[in-house]
Amino acid sequence: MDLTYPDEAKSFADEVRAFVREKLPHAIRDKVMNGRELERDDNVAWQRILHARGWATPAWPAEYGGPGWTTLQRHMFAEILSEEGAPAFIPFGQEMLAPVLFAVGSREQQQHFLPRIATLEYWFCQGFSEPGAGSDLASLKTRAVLEGDQWVINGQKMWTSTAQNGTHIFLLARTDPAAPKPQMGISMFIFPLAVPGITVRPIITMDGEHHTNEVFFEDVRVPKDAIIGEPNKGWDYAKLLLGHERTTIARVGQSKRQLKRLKKIAGEEMVDGVPLLETPSFRDKVAALEIELMSLDLSVLRMIAGEGKNAPGNEANMVKIKGSEIQQRVTELLVEAVGPAALPYDRAAMHGAGSEDPIGPDYAGTLAASYFMTRVVTIYGGSNEIQRNILAKSLGL
Amino acid sequence: MDLTYPDEAKSFADEVRAFVREKLPHAIRDKVMNGRELERDDNVAWQRILHARGWATPAWPAEYGGPGWTTLQRHMFAEILSEEGAPAFIPFGQEMLAPVLFAVGSREQQQHFLPRIATLEYWFCQGFSEPGAGSDLASLKTRAVLEGDQWVINGQKMWTSTAQNGTHIFLLARTDPAAPKPQMGISMFIFPLAVPGITVRPIITMDGEHHTNEVFFEDVRVPKDAIIGEPNKGWDYAKLLLGHERTTIARVGQSKRQLKRLKKIAGEEMVDGVPLLETPSFRDKVAALEIELMSLDLSVLRMIAGEGKNAPGNEANMVKIKGSEIQQRVTELLVEAVGPAALPYDRAAMHGAGSEDPIGPDYAGTLAASYFMTRVVTIYGGSNEIQRNILAKSLGL
Amino acid sequence: MDFALTETQHLLQDTANRLVRERYGFEERKKILASPAGSSPELWASFAELGLLGIEIAERFGGSEGGFHDLAVVLDAFGRGLVAEPFVPTVVMGAGLISRAGSEAQKAAILPGVAAGTLKLALAYGERRSRYSLNHVETTAKADGDFYVIDGQKSVVLGGDAADQLIVSARTAGKATDPDGISLFLVERGAAGVAIRGYPTVDGTRAAEVTLTGVRVAKTALLGSEDQGLGLVDYAVDRGIAAMCNEALGVMAALNELTLEYLKTRVQFGRPIGKFQVLQHRMVDMEMALEQAKSMAILAAAHVKDGDPRSRAKAISAAKVQIGKSGQVVGRGAIQLHGGIGMTEEYIAAHFFKRLTAIEICFGDIDHHLARFARS
Amino acid sequence: MDFALTETQHLLQDTANRLVRERYGFEERKKILASPAGSSPELWASFAELGLLGIEIAERFGGSEGGFHDLAVVLDAFGRGLVAEPFVPTVVMGAGLISRAGSEAQKAAILPGVAAGTLKLALAYGERRSRYSLNHVETTAKADGDFYVIDGQKSVVLGGDAADQLIVSARTAGKATDPDGISLFLVERGAAGVAIRGYPTVDGTRAAEVTLTGVRVAKTALLGSEDQGLGLVDYAVDRGIAAMCNEALGVMAALNELTLEYLKTRVQFGRPIGKFQVLQHRMVDMEMALEQAKSMAILAAAHVKDGDPRSRAKAISAAKVQIGKSGQVVGRGAIQLHGGIGMTEEYIAAHFFKRLTAIEICFGDIDHHLARFARS
């Protein structure tokens, strides 16, 4: 039992931290630190900076261009980046699709797509959910029919995040409607978004921003080899993909950054002449949150240390639940911290343009929107109710 | 919309309060106020005092000897008694069995039992639950078979509270094992506990006290007319009985008394030279609880006001849930208030004998036991999970 | 003791509900909110026609001299419809304060206009550094002959961008946080030195930052007694709280209905999601939260005019705490039970949730009112 | 970074688990607790034989010089078995404090006895009015030639009724709550003027009220430096907390196992109650609470000997907060999920629950440690 990081881990952390501090453009860092919206170019620029350093795809095996890091290193890398205000990776290509390509992609697919994913030249989106298939993904209705050497796709996808920025999509579609179980007749496809018959319609979320979309497919024709792996095996690939990167799901680094921000803001807000952070009620709430986060941080480290070794395997569900609850809690306390200053809706503040003349304190303009938007973290990626169902099953209930 | 009590209600309240303050023996009041155990004689003595005043059975119709009060009066009466430290009514006879006797008891049963219930000469217990039939009461296994002019009863009952003090029992037993549904073959009986074949075994609860019992029935023979109402209709009678006294289930008066006690104790306990009650963290917890109780109090009054008038009818389930949660919360805060002084287990304090030489402050000795025992209020009388199931059903879910 | 609605209240309820239903659907509301003013003069005129703006105003000033419980049923209906007009600032807080503290001349000058729908009010009491403390007033008013000269900045003034007249708290004596020395002034929107920066709030209602630079008002603009304005601000804010508590009932009731309906109709895994016990119990908790809130909103309405300020403070703060908590249970619960669709701007659930969030913040959050409750 | 048990720890774990399984079943425990002393000399002797009492004690005093993580696995096992012997007061707090602060003579006089199982210790630091403040010491020690004379009363002294020697905090200077001026003394149980009133605590362990009336101890009985005892008490109490955190893991793990088993076997409405989703999710929350506690108990154990007192305080208080919360989730949840049977004294669930309650209270509750965490 030894909780200290080994020396090589410490020097690795120093190296990563120094790199981010040197290379991360200040304007991007500033947006992340203050909860402002990133533009497409921000993500691409940062991905290219990482790529130049060989760190663009930390989770990829060395043979596909990854840095060959241990799980602990990957965890530390992600956490330091997040703490220092780097944009999060766009997960769809490199974290979700790539493992499927490693496993069942053809050599041609691997050679064509992987390098372009690594630089964000190809910005992938995920075409899974549908209006009638959310938690119950297996009930999806989008159809793909092979006609000659083309697949013809018809249907509608929903919650296709970043499709407005994307170049490509990976998509689940039903290829065998007669399969005995709904999961069994599904295949996975990848192709560009810029093919005829695709319409992307924005879904504006309650923070007033454009994060996600509906995507309509009307007689969309893609080549026969746009399929990944074998036909009707798409469900297995999707499961592989949804189990991606167990250690980043807790978002420990991001929550640490947010907690630091909360303390800073609550240290500046005054209540009857005393900093809010020093009033016992608020202080205790912040302390309780910090302790939750310490516990989560250690749980993730324990999960990493135990990986592969007869681990029960359900820690990922646990850290997803706790991690998402903590993410929400920080945003709740941030809104509480600024009080009435959270009320103005300052769209300019969300996009960094309003900093010259903010309505309230310059840190307050994004907080309500961030609180609203963060309600989603207990919903997406398998709602916390679904996570608890999975955990109950693993307990034999 | 008018929240003020009418004048006649106010003078009623004054009359009740004056009566309790004059007539309630100090030793009994002291036990109740300090959470000590009551002896059998305490209950009987107080019941007789009420009886002499004509207030022994507040919920009974005037024709059976009740005072003929309105629901509001009954509510105020129960609440004032509770606030002033009077023992709670032993509910089994007068609150649970009596309405069944009113509805389906024979004239002989009514004439024999009701007056004796009113004085506690007959102390009834409830023989419903069994080891395998708790929440799922319909699965009970105790059998009653008619042999000549006697019922022969075999089986086991559990959670038969106060059976050590009781003289009689009302019992559910299966009389038709072949009934199409398990609810349909059940009958209800009443008879004395002092018949051959009955064994009462104490169940000690985790507060270390003897509140409840298992009762074993081995070839117990009771007369044919020990049955209530019609054979195989016992389930309907039990439902009638379990819906008893919708307004007292919230225990508002008791919680008010306990809240007062909490404030007194937290005003005496010091933290670094400041009364605990004035430290913001504890003060806010007490305030939050007080507000919950204010809300419950009003909800009960609204329920009373709405009675009979197209009320949705599920308020009783709601006030049971909230009322029980509040009862638990008070005991949690009471333990928290005294801190380390809650640790000594002082059985003498529970019985009022230890007051000469308590281990800690004289108010502390019963608090942990009370906290332990109060866990039961979200379990008994239909657990809060069952209550929520019922409410969900009433919402059409 | 009587919790039933009076005949007047039934009428008001029907009127307000019908108006919302017929004139303020989700799409109409969206259009109004997207307009430059963010509010609807036509709707406001209808409020006036239907007598909703003068409910509490004395008959001699064109009102119907009703009680706060009459207002409460309208607020409930407005909550259900998410009405984003400045009803609370103008009618509940502004006119309520004038009725209580105004001189006969002030009443005669203002109240008829409010009742007729031609005059809007806003109470400019908060400042950038005041948070929820009503006694934290840095804005100053200096006597200068027959005038006062007001300087300062007022922050997040609810309804401030639509107001024709502002009621401004300013310090005529004492230090920034002294309870004494605060006075109230009626300030014309168009007066020299008044700058109003209006904006939408996160829930779609409107507020403003108000800057006062050497604003000269006549001595007759003083509302109530000099230096004794804190009690009046406290009264007006307590009215605002009681109003929003009752509005929140409508918001929560509508959101619960919407969520319950969703649970019954949304099918996943081959059955309505409302068949899942965990979702059932969460829905039950949301219904219970509404019931708790209802009891406390009634209490708040009953205590708005309580002669004992401590007893009023206790009831109002208790209600605000309960509304805040219930709002969280209902709002967050509804979004979670809806899943993705609840996150979108084009579905009304999110808007109910945002309004509940704003109500939780307005006039002091849960912690603020727990402390006030305990102190009172 | 390594969270795996060492070979020694595996051995200790097996040893302690086997001992509990074979010698400390529910019925045996009940008998021991009902005995006049409330503890078992035979069991204590076995602890000594198996080397459990000297885990951390230096080899030259008969111990095996292990680390706190070694103790932690034993405490976990004792938690599972609800071992009610005074292991924490004697071994973790008492011997740990002597090892850190004792003179060579004091160590030689005490530690071998602890390791051999012939000497028990207790730290008498709390007083009737001290609540959780370690610096609140009204008991006085006045120098008198080569002696100190101690007067005062110590309250809820864990393990106090079995202790052969007490480590008493007393004030040699300053006022009742000064941080400086507190000194520690070794006091023989049998010394003139020492009165010990032992009693069971609500969870079945034992404590005592200790009255000291003109108790004379030699100057050599001073432990550590005069007036500088507070840091030592703080250290000993932090050791006690870290110990109970790890014990609580065992309690919670066993209670969760018991509850899970009950959910799988208890049939109502024709199916195991564990098929009801609401109960499933509650069980999941209890498992998560245990996992959270596990992370923090490991952290506490790692920081017991942290050279930086603030960093130690932060880790220890954080762990105590988490254990308190997890204990509530697991304890209250288990009773609720068990229903009636969970309320009874004859079933072990209630005893786990009571131990978790006591652990939550001992050495400071959640609020106390939230404040200490925030201050550190």
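Residues numbered from 1 in each chain as written. Chains lettered and ligands numbered in written order. Predicted model: local features only at pLDDT ≥ 70, side-chain atom pairs only at ≥ 80, totals over all residues. Heavy atoms only, no water.

### A few points about the domain arrangement of chain A
Annotation of chain A at the domain level lists domain 1 (7-89), domain 2 (124-232) and domain 3 (250-394). One C-alpha centre belongs to domain 1 of chain A, the other to domain 2 of chain A, and the line joining them spans 30 Å. (Domains from an automatic or database assignment.)

### Quick look at the confidence of the model for chain C
Across chain C, the average pLDDT comes to 97, with 100% of residues at or above 70. Reported for the predicted complex are a pTM of 0.96 and an ipTM of 0.96. (pLDDT = per-residue confidence, 0-100.)

### Concerning the domain arrangement of chain C
All names here are of chain C. Assigned domains of chain C: these are domain 1 (7-119), domain 2 (123-227) and domain 3 (231-375). Using only C-alpha atoms to locate each centre, domain 2 and domain 3 end up separated by 30 Å. Contact residues are listed per partner, giving 13 residues for domain 2 and 15 residues for domain 3. A combined buried area of about 1,200 Å² lies between domain 2 and domain 3, and 75% of that area is made up of carbon and sulfur atoms. At the junction of domain 2 and domain 3, the tally comes to one salt bridge. A salt bridge links R355 to D203; the nearest nitrogen and oxygen atoms lie 2.6 Å apart. Here domain 2 is connected to domain 3 by two residue pairs in polar contact (both at pLDDT 80 or more). Of the residues belonging to the side of domain 2 that touches domain 3, the class tally is eight nonpolar, three polar and two charged. (Contact = heavy atoms within 4.5 Å. Buried area = accessible area lost by both parts, 1.4 Å probe. Salt bridge = Lys/Arg side-chain N within 4 Å of Asp/Glu carboxyl O. Polar contact = N/O pair within 3.5 Å; in protein donor to acceptor, adjacent residues only side chain to side chain. Nonpolar A, V, L, I, M, F, W, Y, C, P; charged D, E, K, R; others polar.)

### Side note on unusual backbone geometry
All names here are of chain B. Unlike most non-glycine residues, T162 shows phi in positive territory, near 60°. Assignment of secondary structure puts T162 in the loop between β3 (150-157) and β4 (168-174). The backbone phi angle of R251 is positive, close to 55°, even though this residue is not glycine. Mapped onto the secondary structure, R251 falls in the loop between α7 (234-242) and α8 (252-268). Residue R251 is classed as partly exposed on the basis of its relative accessible area, which comes to 35%. (Helix = DSSP H or I, 4+ residues; strand = E, 2+ residues; numbered from the N terminus. Buried < 20%, exposed > 50% of the residue type's maximum accessible area, 1.4 Å probe, protein only.)

### Quick notes on the interface of chain C and chain A
Facing the 39 residues of chain C at the interface are 49 residues of chain A. Across the chain C to chain A interface the summed buried area is about 3,600 Å²; carbon plus sulfur atoms make up 60%. When the buried surface of chain C facing chain A is broken down by residue, R131, Q336 and M343 of chain C rank first, second and third, together holding 21% of it. Across the chain C-chain A interface, the total number found is five salt bridges.

### Considerations on the pattern of salt bridges
Residues and elements named next belong to chain D. For the structure on display, the rule yields 94 salt bridges over all chains. R372 is paired through a salt bridge with D234; the nearest N and O atoms lie 3.4 Å apart. Separated by 138 residues along the polypeptide, R372 in helix α11 (residues 366-375) and D234 in helix α7 (residues 230-265) bring together distant segments of the chain. The class for R372 is buried, based on a relative accessible area of 9%. Note that D238 is salt-bridged to R312, the shortest N-O span being 2.8 Å. Placement of D238 in helix α7 and of R312 in helix α9 (residues 309-338) is noted, with a sequence separation of 74 residues between them. Judged by its relative accessible area of 4%, R312 is buried.

### Comments concerning the packing of helix α9 (residues 309-338) of chain C against helix α10 (residues 348-361) of chain C
Residue and element names in this part refer to chain C. At a minimum axis distance of 9 Å, the contact between α9 and α10 shows a crossing angle of 155°. By the angle between their axes, α9 is roughly antiparallel relative to α10. Crossing angle aside, the handedness with which α9 passes α10 is left-handed. In this structure, α9 uses K320, I323, G324, G327, Q328, V330, G331, R332, I335 and H338 to contact α10, whose residues at the interface are A349, A350, F353, L356, I359, E360 and I361. Each residue belonging to the contact of α9 with α10 can be placed in one class, and the counts come to nine nonpolar, five polar and three charged. (Axes fitted to C-alpha atoms, helices over the stretch in contact; angles between N-to-C directions. Parallel < 35°, antiparallel > 145°, perpendicular 65-115°, else oblique. Left-handed = near helix turned anticlockwise from the far one by under 90°.)

### Observations regarding the packing of aromatic side chains
Each aromatic ring pair is specified by the distance between its two centres and by the angle formed by the two planes. If you walk through the whole model with that rule in mind, you get 45 aromatic pairs over all chains. With a centroid separation of 5.6 Å and 90° between ring planes, the pair formed by W60 of chain A and F102 of chain A is classed as edge-to-face. Within this pair, whereas W60 of chain A is found in the loop between α3 (40-53) and α4 (71-83), its partner F102 of chain A is found in helix α5 (residues 91-104), the two being separated by 42 residues in sequence. Accessibility classification places W60 of chain A together with F102 of chain A in one group, the buried group. Taking 5.7 Å as the distance between ring centres and 40° as the angle between the ring planes, the aromatic pair formed by Y371 of chain B and F353 of chain D counts as tilted. Within this pair, whereas Y371 of chain B is found in helix α12 (residues 367-374), its partner F353 of chain D is found in helix α10 (residues 348-361), the two belonging to separate chains. (Phe/Tyr/Trp six-rings, centres within 6.5 Å; stacked < 30°, edge-to-face > 60°.)

### A look at empty space enclosed by the protein
All names here are of chain D. For the coordinates displayed, the defined rule picks out twelve cavities of 30 Å³ or more. Estimates place the volume of the second largest cavity at around 250 Å³. Around the second largest cavity, the lining comprises 24 residues; the ones closest to its centre are E85, P86, P89, T205 and R355. Going through the elements one at a time, α4 (68-81), α5 (87-101), α7 and α10 are the ones with two or more residues in the lining of the second largest cavity. Take the lining of the second largest cavity: its biggest share by element is three residues, from α5. (1 Å grid on protein atoms, 1.4 Å probe; cavity = no way out; pocket = protein on both sides within 12 Å on 5 of 7 lines; lining within 4 Å. Points joined across faces, edges and corners; volume = space filled by probe spheres on them.)

### Comments concerning α9 of chain C
Residues and elements named next belong to chain C. End to end, α9 covers 42 Å across 30 residues, agreeing with the expected 44 Å (1.5 Å per residue, within 8%). Burial analysis of α9 places 23 of its 30 residues in the buried class, which makes it a mostly covered element. The opening residue of α9, the one whose side-chain oxygen lies 3.0 Å from the backbone nitrogen of R310, is D308. A positive backbone phi angle near 70° is found at G339, which sits one or two residues after α9. (Expected span 1.5 Å × (residues − 1).)

### Some points on the pairing of strand β7 (residues 206-218) of chain D
Residues and elements named next belong to chain D. In this structure, strand β3 (residues 147-158) lies alongside β7, joined through nine bridges in antiparallel fashion. Pairing of L158 across the sheet is with A207, part of β7. In this structure, strand β6 (residues 194-200) lies alongside β7, joined through seven bridges in antiparallel fashion. Pairing of V194 across the sheet is with L212, part of β7. Joining the antiparallel neighbours β6 and β7 is a turn of five residues, in which G204 adopts a positive phi near 95°. (Pairing = 2+ DSSP bridges.)

### Some points on the environment of D308 of chain D
Residue and element names in this part refer to chain D. The topology assignment puts D308 in the loop between α8 (277-303) and α9. Its relative accessible area of 39% is what places D308 among the partly exposed residues. A distance of 3.0 Å separates the side chain of D308 from the backbone nitrogen of R310, its partner in a polar contact.

### Let's talk about the pairing of strand β3 (residues 147-158) of chain C
Regular strands place side chains that alternate from one sheet face to the opposite one. Residues and elements named next belong to chain C. The pairing of strand β2 (residues 140-144) with β3 spans five bridges and is antiparallel. The partner of D144 across the bridge, within β3, is F147. Linking β2 back to β3 in an antiparallel pair, the connection comprises two residues, with G145 at a positive phi of about 65°.

### Structural notes on the environment of R60 of chain D
Residue and element names in this part refer to chain D. Note that R60 resides in the loop between α3 (41-49) and α4. Residue class for R60 comes out exposed when judged on its relative accessible area of 57%. In the structure, R60 is positioned 52 residues away from P112 in sequence and 8.6 Å away in space, judged by C-alpha atoms. Of the polar contacts made by the side chain of R60, one reaches the side chain of E104; its length is 3.0 Å.

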